[in-house]
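Reading the structure
What follows is the residue order along each chain.
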Amino acid sequence: MPLNIGVLALQGDFQEHRAVLEKLGAHVTEVRLPHQLEGLDGLVIPGGESTSIVKLANRYDFPDALRRFVDEGGAVWGTCAGMIVMASKLVEPELEPFSLMDITVSRNSFGRQVDSFETDIPMDGIEGGPVHAVFIRAPSVQEQGEGVECIAKLDDGTPVAVRSGKLMATAFHPELTPDTRVHELFLRLTAGELSPA
Amino acid sequence: MATSTNGTANTYIDRVREPRWLNSEDAEVGSYAVKSGLAQMLKGGVIMDVVNDEQAKIAEDAGAVAVMALERVPADIRADGGVARMSDPNMIEAILKATTIPVMAKSRIGHFVEAQVLQALGVDFCDESEVLTPADHEFHSDKWAFKMPFVCGCTNLGEALRRIGEGASMIRTKGEAGTGDVVEAVTHARTVLGEIRRLQQLPEMELMTAAKNLGAPYDLVLWVHKNGRLPVVNFAAGGIATPADAALMMQIGVDGVFVGSGIFKSGNPAQRADAIVQATTHFDNPDIVANVSRDLGEAMVGISSSELPESEQLAKRGW
């Protein structure tokens, strides 16, 4: 049985995630309303504009539905804007995230678009060399709660990928590169093939 | 390999022949991957024209993915006449400070110094726009020379591929800005998408002649033939005024929409902005589009684009 994975399709690069997950054999559906979470094993929250995603999600009571989805054992992976909306707290107060994971996140942590960059970073749980990471107006993790493990950081020590149980968040965009290893990691996490972090 | 003035990105041939992600110098700032990547993040979203920080906040609160900072919306540029130029840096900076979403601003076609100024201000995206008075009758700016990404207008596939060849990271239809009439945006989107479908069907030996006829770089014609889409994100712009207009463009097959004069020239901007954002996300859900279309108040007055004399048709600008 293929895994049923949803991609939150309110706004952002959800089609890129969909293409990679389908290539890896998952059954993928686009989620625009909360009832579409039913029957899913895992959910990807894509890159995009976090304010747009949060406002569109609040409109249809997504935050409660997402917290229920996590409580019932669903796996969730957020990339960039996805990491921001999963956080329990943001350094910048104007947006209220969904509190799916016990992390404090800073939005646009590296500056404006002209400061966006690419780099190679090693990632725990991924074999075969570092991951090529694309950072676009990217966030970073400022504080991690108990049980949250940092699985990738920049040379200066800034945490840019974290994991806690079946939850994962990356500040960068594996969906924008042809390397499918991070998506494979999320599918293994969803299937319960990884030991708890 | 050509190197641009800031030491980044190269020519389109390097980027199109070799997948952009192979180019992985460490911590490369302002590379083509991060420029076109920002456009990817805007997909499924609405970009709104704003003339001050107050409007920028309304746009952000409504869920806009970016704002376009400009002194006058296209409807007013039409009404005022005269030469339309880049906006005052103070006005752009006020909007950069007021919002957390990306800020775009317009340069005149071919006015690469206006673009240099916008990059120096920290603008996230430059629109080399036919809405402003062109500064060059023959040439567009060299967009590879910037670490700030560019969006450019087009009316057909050849024009889109010429702009991408010059380094544009995002394409939009020109439509007919400042009219509130969606027909030109529909025409341009259908033309581009139809020409892409046609290229896909051609045998490879006919592609060089197709490139000649389109007036487009051969490598990009080959890429479109193989992939069946533009190599960058493709938005609709120019005349979108209602939630149904936005959903129409999304169903035709664009990645997102720009709304210029349509929001802040209408009776209830905050509500209309919110409605257009929702209709763009739920473009294939007529129940939601119907709901958000209720009681929006006056739409912008509008000008039928077929009644515009040729000298006032902005879509004719650009080469």
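Residues numbered from 1 in each chain as written. Chains lettered and ligands numbered in written order. Predicted model: local features only at pLDDT ≥ 70, side-chain atom pairs only at ≥ 80, totals over all residues. Heavy atoms only, no water.

Some details on the sheet that holds strand S3 (residues 42-45) of chain A
All names here are of chain A. Read from one edge of the open sheet, 7 strands run S2-S1-S3-S4-S12-S11-S10, paired in mixed fashion. Lying at the two open borders of the sheet, with one neighbouring strand each, are strand S2 (27-31) and strand S10 (149-153). Going across the sheet, the axis of each strand differs from the next one's by a mean of 20°, ignoring polarity. Here strand S4 (residues 75-79) pairs with strand S12 (residues 167-170) via 4 bridges, running parallel. Each bridged residue has a counterpart across the sheet, and for Gly78 the counterpart in S12 is Ala169. Strands strand S1 (4-8), S3, S4, strand S11 (159-164) and S12 of the sheet are contacted by helix H5 (residues 181-190), whose axis makes an angle of about 155° with S4. (Pairing = 2+ DSSP bridges. Helix = DSSP H or I, 4+ residues; strand = E, 2+ residues; numbered from the N terminus. Axes fitted to C-alpha atoms, helices over the stretch in contact; angles between N-to-C directions. Contact = heavy atoms within 4.5 Å.)

A word on the interface of chain B and chain A
How big an interface is tends to be stated in terms of the accessible area lost upon association of its parts. In this assembly, 49 residues from chain B lie in contact with 39 residues from chain A. Of the roughly 3,300 Å² buried where chain B meets chain A, counting both sides, 53% is carbon and sulfur surface. Across the chain B-chain A interface, the total number found is 4 salt bridges. A salt bridge links Asp124 of chain B to Arg112 of chain A; the nearest nitrogen and oxygen atoms lie 2.6 Å apart. For the pair chain B and chain A, the interface holds 19 residue pairs in polar contact (both at pLDDT 80 or more). Looking at the side of chain B that touches chain A, the elements with two or more residues in it are strand S1 (28-29), helix H2 (32-41), helix H3 (53-62) and helix H13 (269-281) of chain B. A per-element tally of the side of chain B that touches chain A places H2 of chain B first, with 7 residues. Of the residues in the side of chain B that touches chain A, the class split is 21 nonpolar, 16 polar and 12 charged. (Buried area = accessible area lost by both parts, 1.4 Å probe. Salt bridge = Lys/Arg side-chain N within 4 Å of Asp/Glu carboxyl O. Polar contact = N/O pair within 3.5 Å; in protein donor to acceptor, adjacent residues only side chain to side chain. Nonpolar A, V, L, I, M, F, W, Y, C, P; charged D, E, K, R; others polar.)

Focus: H13 of chain B
Given 3.6 residues per helical turn, the α-helix brings residues three or four places apart onto the same face. Taking 1.5 Å as the rise per residue, H13 of chain B with 13 residues should run 18 Å; its terminal C-alpha atoms sit 19 Å apart, in good agreement. Turning to H13 of chain B, its buried residues are Arg272, Ala273, Asp274, Ala275, Ile276, Val277, Gln278, Ala279, Thr280 and Thr281 of chain B. (Expected span 1.5 Å × (residues − 1). Buried < 20%, exposed > 50% of the residue type's maximum accessible area, 1.4 Å probe, protein only.)

Topic: the nonpolar core
Core analysis: the biggest nonpolar cluster contains 121 residues, and Met123 and Phe135 of chain A together with Met249 of chain B have the highest contact counts within it. For Phe135 of chain A, the residues in contact, after removing those within four places along its chain, are Phe110, Ser116, Phe117, Thr119, Ile121, Leu154, Val160, Ala171 and Phe172 of chain A together with Val34 of chain B. Within the second largest apolar cluster, 25 residues are counted, among which are Ala160, Ile171, Leu202 and Leu230 of chain B. (Core = buried A, V, L, I, M, F, W, Y, C linked by side-chain atoms within 4.5 Å.)

Concerning the environment of Arg59 of chain A
Inspection of the secondary structure puts Arg59 of chain A in helix H2 (residues 50-59). Aside from chain neighbours lying at most four places away, what touches Arg59 of chain A is Asp274 and Gln278 of chain B. Among the polar contacts listed, one links the side chain of Arg59 of chain A to the side chain of Asp274 of chain B, at a separation of 2.3 Å.

Some thoughts on the pairing of S12 of chain A
Residues and elements named next belong to chain A. By the alternation rule, side chains of S12 split into Leu167 and Ala169 and Met168 and Thr170, which are all buried. In this structure, S11 lies alongside S12, joined through 4 bridges in antiparallel fashion. Paired with Ala161 across the two strands is Thr170, which belongs to S12. Connecting the antiparallel pair S11 and S12 is a turn made up of 2 residues, with Gly165 showing a positive phi of about 60°.

Some words on the packing of helix H8 (residues 183-201) of chain B against helix H10 (residues 218-227) of chain B
All names here are of chain B. As a packed pair, H8 and H10 sit with axes 8 Å apart at the nearest point and diverge in direction by 85°. Between H8 and H10, the crossing angle belongs to the class labelled roughly perpendicular. Counting all contacts with H8, which are made through Ile196, Leu199 and Gln200, the residues of H10 involved are Val221, Val224 and His225. Residue composition of the contact of H8 with H10, grouped by class: 4 nonpolar, 2 polar and no charged. (Parallel < 35°, antiparallel > 145°, perpendicular 65-115°, else oblique.)

Comments concerning the pattern of salt bridges
Using the criterion set out here, one finds 22 salt bridges over all chains in the structure. Notably, a salt bridge pairs Arg18 of chain A with Glu22 of chain A, separated by 3.1 Å at the nearest N-O pair. Of this pair, Arg18 of chain A and Glu22 of chain A are both found in helix H1 (residues 14-23), 4 residues apart, which corresponds to roughly one turn of the helix. Judged by relative accessible area, which is 24%, Arg18 of chain A ranks as partly exposed. Glu159 of chain B is the partner of Lys174 of chain B in a salt bridge, and the nearest nitrogen-oxygen pair spans 2.5 Å. You can see Lys174 of chain B sitting in the loop between strand S7 (170-173) and H8 and its partner Glu159 of chain B sitting in helix H7 (residues 157-165), a full 15 residues away along the chain.

Nothing here speaks to function; it is geometry throughout.
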